[in-house]
Each structure stands twice: as C-alpha cells, then as structure tokens.
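# Fold and contact review
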Amino acid sequence: MTTTMKQMILGSAAALLAASTAQAADLPVKAKAVEYVKICSIYGAGFYYIPGTDTCIKIGGAIRLDTTFNGGPYDAPFWQGGAGGNNLWTKDYYLTRERINITTDTRTATEYGVVRTYANMQLDFTQNRDSIAGGFTEVDFAFIQFAGFTFGKAVSNFDPQWALTKPWISSGFLAGSSNTTGIPQIAYTAEFGNGFSGTIALENASPYRNAGLYNTATFIVAPGAGSFTGAFYGNNSNTFFGNATGGNHIPDVVGNLRLDQKWGSLHFAAAMHTSTAGFYGTNESFGHPDDVYGFAVSGAVEFKVLPTGANDSLKIEASYAKGAARYAFTGGSLETSGGGRFAKFDGNTVGFGYVLDGVYSPGSSIQQSDAWEVSAFYEHYWNTAWRTSVFGNYSHISYGDAGNAMLAAAFSPAGGRLGTSSSSNPGSTAGSITGTTNNFDFGIAQVGTRTAWTPVKNLTLSAEFTYSRLDQNLDGTYTATVTGKPNQTYQIKDQNLYNGSVQILRSF
C-alpha cells in the first residue's frame, strides 16, 4: 500500500512538472524596449534625434496662397509693354499662386564642431488665363556647413542675413542685390567673438549676378570680308537684353564683416565681378574686348530695440556697383542672357530703362555702368496679433558719356534697335527714338506698406500695396508697334505703377 501511494504521488508530481513545463513554453518572450524618438534641445525647438544616431533633425515648411493685383506672381509691378499697358484689355488684372515649402535641417556634434545640412524645397503653382495647373519645382537652398565652411546654395555673403526676413510679401522690389534664392558658393566664416565675424567666399555669378553686356553695333564685317558690309549684326538681333556676353570664366569673390548683438546688427560687404564680352562680330576672327573687372560695396544696419514698441525693427541698406549692376539693381524682365528691361506703356506715353553691366561697340572697350541703391524697412507691432510695415527704396543706373553715345547711336532711327529684327530683314519690326536727350540713365523709386494679422500661431493673413515710379532721362518719342495697338508714336515720359497682393501663410 505504501509503495503504491508513493508511485501515485511521484506520478502526479511528474505530471504537474510536465504540465508546468509545457505552460512555461507557451509564455511570450519579453519584447525589446521600444526606442522612442527623443527631443533634441541643444539646437532649439523642433529638433529630434534620428533614432539610432546622434544626429538631430528638424522638419518644417509652409503653405502659401497669394493673389496679386495688377502685377506679376511675386507681387512685382508690370514692367513689360503689353502687360504693363493700363489701357490694354488683353492683360490679366489679377493672378493667383500657391506654394508648398518643405525644409529639413540636421545638426551633428563632432570634434570639429557642428556639421549642419539644410535644404529648402518648393513647389510653385501659378494660375492665369494661360495656365490652370502650371507649376514648377525648385530648390532655393541646399548647403552643408562644417568647421566654418559653407558648401552649396546659401544666402549670398554680400547680403545681410536679415535679407530673408524683410517685412513684405513682394519679391518685386528692385533695390538691393539680385538674390531671389540662394547662390551656389564655397565660403569660410571666422568667428572673432562677441558677435563679430568675417566671411570670404567664391560665388557663382550666373544667373543672378550677370546683368549682361550690349554690343551696340548695327553693322558687321561679313565672314571673310575685309570691310563693313550692310548686313545686320545677327548676334544682336533680339530685343535689347544685354545679349553680347561671353561665358562665366571666374566666380565672383565676395567678403563681409558682421556684428550681431541684441540691439541689432551691422553688415559691410564687397564683391568683385568679372564681365566677359562676346565677339565684335559673328565669330572669333573679329576679336572681342578685354575682360573688365567690376566691383560692388554695401553697408547695412538693423535696429531691434526701438522706442516705438517691443519687437519693432528698422532695417537700412545702401550699395554701389561699378560694372556689377545687379549687386545694386535686381533687374526687370530677366532673360537667359541676364539683362534687365523696364518698359511701361500708358495711353500714348512710354517709359523704359535697361540694367546692364556695360556697353561696347566694334573696336571699343567695355564702358561699365554705375549703379547705386538705398532702401529701408520699418515694422511696428500694434499688439501680438497685428503688425504694419512701411518700406521704400530708390535705385539708379548710369552709363556715362561714352556709354550713352553708343546707346544713342544704336537706338536712333538708323540703328533701330529697340524692337526685334533679323539678319535677313534688319530693322523690320524695330522701334526707334527721336528728338531725345540721348541720356539712358534712369532710376526707380518704390514705396509700399503691408499689414499682417496672426490670429493663431503660425497662421498669418496679410495685404500689401506698392507704388513704383520709373524716372528716366529720355524725353523724345518712340515709334514702334506695341502688342494690341497699331504702329504709332509714343511720347517718352516717366511712368507710375500701382500693384498689390493678399496672402495667407500657414507655416509648421
């Protein structure tokens, strides 16, 4: 009996042990701890560690909706003949545009300092009567910073860093350097302490910095001939856009000194710009002018502490350029050759002007232009939700006696170079000017205001108005065919332009 009971107890224990072992085998294995994304507070709000790395990243962007009245998609004034004629029913009186903006910013601490990458990508869509869903994709900024160096597409070192925070909607202001997006560059910045720094850079002059050169010749030596013939200079058979430039041979050299403090900032910059001309004639056998070196200098100041109120700011800048016009003058209708044209028709009057690095004619050297500008921006906060800014500028360009003489000869009735022609039918559709001062110097003054309302964080609704005046020195008449009008003569006069824009901006 005792033996039997022992066997039963041992058998029961064995069964329980087997059951327990089987049950333990069915239990789930302990899962590995989830690696949550961690906040990276070293570089400011919005940064997170990329899981499994020591790199911090910030992803942001914005959606921007614009409607412009009597202007272009960037709230730029209508400068072109047909579009700018207030009496022409063919133009659109308003234009809409949508922009999607995505930014990425990464930072990694290393023994050489922080390694930073930054990219700003945009999708733009503009609608008018000719386009329903027309758009394009662009990369405005894309650079790497390491040990004081910047490689890639970044804000030009000629411009103050507050160039990206001007209190306006428009990018149609004309004073200041031409820099709608970043400029490809290799730069080195040295920090001297107490907010004082200096930068030296090589920047790609194309397309923003080349205003172009113009060969004012109306005749050409035919290939193989030894004297001038009556053939039209085919290389200049387009409209007047500085289309006699050669390629970019060396980058622009740019340097600056900056002081950044709580009260504001100071910025001084200089640049060297090279102009390379095309041939005097149709090919290299005619020769070409020697390269010329231009320069530009700039000074800017920003005040962040003003007696008018908290967060108010005042920004002032001024620039001068010799043979480097687009460091002081952003340009008007920009062609692939880089030149700029401002043309405005109003009734029976017209005003126009051109932005060029210089002009030349067969056998002559390049006559460089002189350009300068001054601009100011003031913004006042009424309260945390409402703010108003006022801004103004004046930009001016001149060509000197020699340059004006060349331009006057080219645009005389004999030259007929204001319109378009071809080598087979010279001057067929070209316009000409008569009875004028032959002074192609001109300036543009602009004033504007914007009021913005931010009802909730990162959502801003704003409205802007801009007045522009084209102040030119030609006072004769211009004869040509203008889109939507018969061939007729226009009185050359100063012109006034008015445009505005409304915008909704949601950033994140």
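Our structure's up above, just so we're on the same page.
Residues numbered from 1 in each chain as written. Predicted model: local features only at pLDDT ≥ 70, side-chain atom pairs only at ≥ 80, totals over all residues. Heavy atoms only, no water.

Here we take up the state of the cysteines. One pass over the full model with this rule turns up one disulfide. C40 shares a disulfide with C56; S-S distance 2.1 Å. On the sign convention where negative means left-handed, the S-S torsion of about 80 degrees between C40 and C56 marks this disulfide as right-handed. Within this pair, whereas C40 is found in the loop between helix 1 (2-26) and strand 1 (48-49), its partner C56 is found in strand 2 (residues 55-69), the two being separated by 16 residues in sequence. (Disulfide = S-S within 2.5 Å. Helix = DSSP H or I, 4+ residues; strand = E, 2+ residues; numbered from the N terminus.)

Now for the environment of S156. On the secondary structure map, S156 appears in the loop between strand 6 (149-154) and strand 7 (183-193). Sequence-distant contacts of S156, defined by excluding residues within four places in its chain, comprise N179, I183, Q185, E203 and R209. Reaching out from S156, the side chain makes a polar contact with the side chain of R209 at a distance of 2.7 Å. (Contact = heavy atoms within 4.5 Å. Polar contact = N/O pair within 3.5 Å; in protein donor to acceptor, adjacent residues only side chain to side chain.)

Membership of the largest hydrophobic core comes to 38 residues, with the highest contact counts inside it found for Y327, F352, I397, I433, F440 and Y478. Of all elements in the fold, only strand 11 (264-275), strand 15 (349-355), helix 3 (400-410), strand 21 (442-456), strand 23 (477-480) and strand 24 (488-492) reach the threshold of two or more residues within this core. Within the second largest apolar cluster, seven residues are counted, among which are L213, A244, Y280 and Y360. (Core = buried A, V, L, I, M, F, W, Y, C linked by side-chain atoms within 4.5 Å. Buried < 20%, exposed > 50% of the residue type's maximum accessible area, 1.4 Å probe, protein only.)

What follows is about the sheet that holds strand 9 (residues 213-215). Within the open sheet, the three strands sit side by side as 9-16-17. Their pairing is mixed. Across the chains shown, the open sheet's two edge strands, defined by having one partner strand only, are strand 9 and strand 17 (367-368). In the sheet, strand 16 (residues 358-360) pairs with strand 17 via two bridges, with the strands oriented antiparallel. Its bridge partner lying in strand 17, V359 is registered against Q367. Across the sheet, helix 3 lies against strand 9, strand 16 and strand 17, angled at about 60 degrees from strand 16, the strand it touches most. (Pairing = 2+ DSSP bridges. Axes fitted to C-alpha atoms, helices over the stretch in contact; angles between N-to-C directions.)

What the rule picks out here adds up to 12 salt bridges. For R64, the salt bridge is made with D66, and the minimal N-O distance between the two is 2.8 Å. On the accessibility criterion, R64 (17% relative accessible area) is buried. For D66, a relative accessible area of 4% corresponds to the buried category. Here the residues in one salt-bridge network are R64, D66, R97, R99 and D124, joined through shared partners. (Salt bridge = Lys/Arg side-chain N within 4 Å of Asp/Glu carboxyl O.)

Bringing helix 3 into the picture now. Looking only at helix 3, the buried set comprises G403, N404, M406, L407, A408 and A410. Contacts from the buried residues of helix 3 go to strand 9, strand 16 and strand 17.

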